[in-house]
Amino acid sequence: MGEKIVILNGSPRKNGNTAALVKAFTQGAESAGHTVTEFFLDRMDIHGCKGCNGGHSDQECPCVQKDGMAEIYPAVKESDVVVLASPLYYWNLSGQLRTAVDRLYALEEGGENLLRGNNRSGALLMAAAGSDFDDVLLYYNHLMEHLRWDNLGHVLAGGNWNPGDIEGKAELQKAFDLGKGIQ
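Residues numbered from 1 in each chain as written. Predicted model: local features only at pLDDT ≥ 70, side-chain atom pairs only at ≥ 80, totals over all residues. Heavy atoms only, no water.

1. Comments concerning unusual backbone geometry
Thinking step 1. Here the phi dihedral of N53 falls at roughly 55°; this positive angle occurs in a residue that is not glycine.
Thinking step 2. Note on placement: N53 falls in the loop between β2 (35–40) and α2 (69–78).
Thinking step 3. Look at N53 and you get exposed, because its relative accessible area is 52%.
Thinking step 4. Although it is not a glycine, Y90 adopts a positive phi angle of roughly 45°. (Helix = DSSP H or I, 4+ residues; strand = E, 2+ residues; numbered from the N terminus. Buried < 20%, exposed > 50% of the residue type's maximum accessible area, 1.4 Å probe, protein only.)

Here's what the structure looks like:
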């Protein structure tokens, strides 16, 4: 039986370079028998965290805000792997993805901590015009450590400014292999 994989795609481009990485990863994962659910965050109504500590992990929707995260929470709760996919914006994840990651905190509030540990793994897929991924890798590695998730690694594709620039590059095969290699 395969793993349940959730991809949080923080790109605003439905057919951009990040999407190409997600597609390659998904093809690899599905070829290995895994189930992949992708959330294209830019098309979802997701509000920023209010820092109210009013959520409760025991509730069906653990956050006090009722928005697009209500679709994501159950998928993440049931997942084995969560993949963060994003273009590199100002040396970090896109705002769409950062907002969703911040809101996952509701799964840590109240009752049982449903986010930390739980034999979950994480991976990172990123495309960028440049190639300075140091700051985002620092954040991502700290996040994996905090969540106590097995860090499956990352695919970082620099040198991709325009949609389609990534076509034919080795990072697509790396994304496929990362997806296929999940056990």
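Let's pick the thread back up.
2. Digging into the pattern of salt bridges
Thinking step 1. Following the criterion strictly, the structure yields 3 salt bridges and no others.
Thinking step 2. One salt bridge in this structure joins D42 and R43, with 3.0 Å as the shortest N-O distance.
Thinking step 3. Of the residues examined, R43 reaches a relative accessible area of 57% and is grouped as exposed.
Thinking step 4. In this structure, D67 and R103 form a salt bridge, with 2.7 Å as the shortest nitrogen-oxygen distance. With D67 in the loop between β2 and α2 and R103 in helix α3 (residues 95–103), this residue pair connects regions lying 36 residues apart in the sequence.
Thinking step 5. Among the residues examined, R103 registers a relative accessible area of 1% and is labelled buried. (Salt bridge = Lys/Arg side-chain N within 4 Å of Asp/Glu carboxyl O.)

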